[in-house]
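Report on the structure
Chain by chain, the residues run as shown.
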Protein chains: 2
Amino acid sequence: MSEAALAGVRIVLVEPAGALNVGAIARVMKNSGLKQLVLVDPQCDPLSPEAQQMAVHAVDILESAVQVATLPEALVDCTRAIATTARDRDIGITLEHPRDALPWLIEPQNTALIFGPEYRGLSNEELKYAQRFVRIPTSDRYPSLNLAAAVAICSYELFQCVVQPTLKETPDLDTASFDALEGYYQQLEQVLLEIGYLFPHTAASRMQKFRQIFNRAQLTTSEVGMLRGILSQIHWALQQKTEEER
Amino acid sequence: MSEAALAGVRIVLVEPAGALNVGAIARVMKNSGLKQLVLVDPQCDPLSPEAQQMAVHAVDILESAVQVATLPEALVDCTRAIATTARDRDIGITLEHPRDALPWLIEPQNTALIFGPEYRGLSNEELKYAQRFVRIPTSDRYPSLNLAAAVAICSYELFQCVVQPTLKETPDLDTASFDALEGYYQQLEQVLLEIGYLFPHTAASRMQKFRQIFNRAQLTTSEVGMLRGILSQIHWALQQKTEEER
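Because the structure is a prediction, the values reported are computed rather than measured.

On a plain count of helices and strands, chain A comes out with 10 helices and 7 strands. Against the globule reference of 18 Å for 246 residues, chain A gives a C-alpha radius of gyration of 30 Å, more extended than a compact globule. Taken along its principal axes, the extent of the C-alpha atoms in chain A is 95 × 40 × 35 Å. Counting all 246 residues of chain A, 50% fall into the buried class. If you take every contact in chain A between residues at least 6 apart in sequence, the share linking residues at least 24 apart comes to 82%. Of the accessible surface of chain A, which amounts to about 11400 Å², a share of 50% is contributed by carbon and sulfur atoms. Across chain A, 21 positive and 30 negative side-chain charges occur, with their mean positions spaced 6 Å apart.

Structure representation (structure tokens):
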């Protein structure tokens, strides 16, 4: 799946009061490949300097944001809607983890993710327009997320649905071959004997520990070269001293 | 696992410039059960009205935030550090998904998650203090996340590690502390200069490569002891030869 699968998802903010929040939300939406912002009866100016300052390079999202008077208008043409809430409600709804519910919005049709006002969240009346309900898990010591943080987390989760399986980027490492490593371990053992760090009868068990360290590091060919360079230099420095003695 | 498992994780902000961001970060940390905020040379007042306004009920996090002058000071006593970056770097590091790397910070010991300044992110020099590197996947159309949004997402992921016990993996290794590693790197540099492998003007860039190797290996305290033993022995062997000369 690609980012294009997110084109049909609208982020609906009900009565947002903070221009800084709305601007920050535009930015995080663009960071996550989301494009449609719908503001229900906004209590701030989404094109104010504060909003634009927070949006930075996502002012286009603010400019194309749609303003409507009521939540039902924001949901016109939507086939699926998820509402977010910070609280348990005694109204018989199931609260789901964002990771479980949000993939359901990735669809060719129009879908919506609804966030309530900063100071009260969504009312029970407003919740009833959604089919599913998400609560972002938070600490009991301070469960209430800032609106922009809540949108950031949900946008991030939505984006993960389309970029997975995870982008683990391994740089194209030229991992050292088995023989290159063995050559290094043999030279290491020789030098450690030469400087008197190892003794012949304890060398094997000690070398085992060094092997573990360097095997864990998954050395590249050029790193093995550097490490061997150190060993050659130690040997050379000791020889120099011996020569000087003569 | 419970929220208490997060007590050892410190959030380190390098030169944060925006008081609103720092306040928002305090709030989202408390939302996610995180307590320790460390500010490296902050460029704003973390107790300014703007910061407090955004922190709301997390002003205690701002009040107990520790201010230090340099990143190494922020990492004292840490056994593990992850740095965040928005960009690919041509310095041979592997960028991981937050979900893959962050569980590694959930430990009884002290660990750190490092974020760079708003306008430039972490420098290559600053990155070298971390053992692992995280990039939050974002859209190519606008990859740069707001600092507070990045912390919100990572804090959320950390909290999911403790509320969803499935995500954890950690062998109980006696991982070397930040200071133990730094002591080793300093001794290594000295010995490499002494044997003529390093020259003062190239030492820094070469040492960077050795740091990468040993950071990747995630050394234990006793391994650092063994490696330092080798260095002491090289120094001793060279001194012996010098003595013999006389």
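For the rest of this paragraph, the subject is the pattern of salt bridges. Taken as a whole and judged by the stated rule, the model has 17 salt bridges over all chains. A salt bridge links A:Arg120 to A:Glu15, with the nearest nitrogen and oxygen atoms 3.4 Å apart. On the criterion of sequence distance, the pair formed by A:Arg120 in the loop between strand E6 (110–115) and helix H6 (124–127) and A:Glu15 in the loop between strand E1 (9–14) and helix H1 (19–31) is long-range, its members being 105 residues apart. Relative accessible area serves as the criterion here: at 26%, A:Glu15 is assigned to the partly exposed category. Between B:Arg216 and A:Glu223 there is a salt bridge whose closest N-O contact spans 2.7 Å. Of this pair, B:Arg216 sits in helix H9 (residues 203–217) while A:Glu223 sits in helix H10 (residues 221–245), placing the two residues on different chains. Each of the salt bridges in this network shares a partner with another, and the network as a whole consists of A:Arg99, A:Glu157, B:Arg99 and B:Glu157.

For the rest of this paragraph, the subject is the interface of chain A and chain B. Opposite the 71 residues of chain A that make contact, chain B presents 74 residues. Between chain A and chain B, a total of about 6200 Å² is buried, with carbon and sulfur atoms accounting for 61% of that surface. It is A:Tyr142, A:Tyr156 and A:Met226 in chain A that bury the most area against chain B; as a group they hold 12% of the surface buried on that side. Put simply, chain A and chain B have 3 salt bridges between them. Listing elements by their share of the side of chain A that touches chain B, those giving two or more residues are H1, helix H2 (49–55), helix H5 (98–101), helix H7 (147–163), helix H9 (203–217) and H10 of chain A. Broken down by element, the side of chain A that touches chain B gets its largest block of residues, 14 residues, from H10(A).

What follows covers the environment of B:Thr85. Mapped onto the elements, B:Thr85 comes out in the loop between strand E4 (78–84) and strand E5 (95–96). When neighbours within four sequence positions are excluded, B:Thr85 is seen to be in contact with B:Leu95, B:Val134 and B:Arg135.

A few words now on the domain arrangement of chain A. The assigned domain composition of chain A is domain 1 (3–163) and domain 2 (178–245). Taking only C-alpha atoms into account, the centre of domain 1 of chain A sits 59 Å from that of domain 2 of chain A.

For B:His97, the location among the structural elements is in the loop between E5 and helix H5 (98–101). In this structure the side chain of B:His97 is engaged in a polar contact, spanning 2.8 Å, whose partner is the side chain of A:Gln160.

On to unusual backbone geometry. With phi around 45°, A:Glu15 is a residue other than glycine that occupies positive phi space. Despite not being glycine, B:Val56 has its phi angle at roughly 50°, a positive value. When you line up the elements, B:Val56 lands in the loop between helix H2 (49–55) and helix H3 (59–63). Overall, the relative accessible area of 35% leaves B:Val56 in the partly exposed class.

Residues and elements named next belong to chain A. Two numbers describe how helix H8 (residues 178–194) lies on H9: the axes approach to 11 Å, and their chain directions differ by 135°. By the angle between their directions, the pair H8 and H9 is classed as oblique. When you trace H8 past H9, the crossing you get is right-handed. Contacts from Leu-181, Glu-182, Tyr-184, Tyr-185, Leu-188, Glu-189 and Leu-192 in H8 reach Ala-203, Met-207, Phe-210, Arg-211, Phe-214 and Asn-215 in H9. Its residues assigned to classes, the contact of H8 with H9 comprises 9 nonpolar, 1 polar and 3 charged.

Definitions and limits used
Residues numbered from 1 in each chain as written. Chains lettered and ligands numbered in written order. Predicted model: local features only at pLDDT ≥ 70, side-chain atom pairs only at ≥ 80, totals over all residues. Heavy atoms only, no water. Helix = DSSP H or I, 4+ residues; strand = E, 2+ residues; numbered from the N terminus. Rg over C-alpha atoms; globule rule 2.2 N^0.38 Å. Buried < 20%, exposed > 50% of the residue type's maximum accessible area, 1.4 Å probe, protein only. Contact = heavy atoms within 4.5 Å. Areas by Shrake-Rupley, 256 points an atom, 1.4 Å probe, with all protein chains shown as cover. Lys, Arg positive; Asp, Glu negative; His and termini not counted. Charge placed at Lys NZ, Arg CZ, Asp CG, Glu CD. Salt bridge = Lys/Arg side-chain N within 4 Å of Asp/Glu carboxyl O. Buried area = accessible area lost by both parts, 1.4 Å probe. Domains from an automatic or database assignment. Polar contact = N/O pair within 3.5 Å; in protein donor to acceptor, adjacent residues only side chain to side chain. Axes fitted to C-alpha atoms, helices over the stretch in contact; angles between N-to-C directions. Parallel < 35°, antiparallel > 145°, perpendicular 65-115°, else oblique. Left-handed = near helix turned anticlockwise from the far one by under 90°. Nonpolar A, V, L, I, M, F, W, Y, C, P; charged D, E, K, R; others polar.

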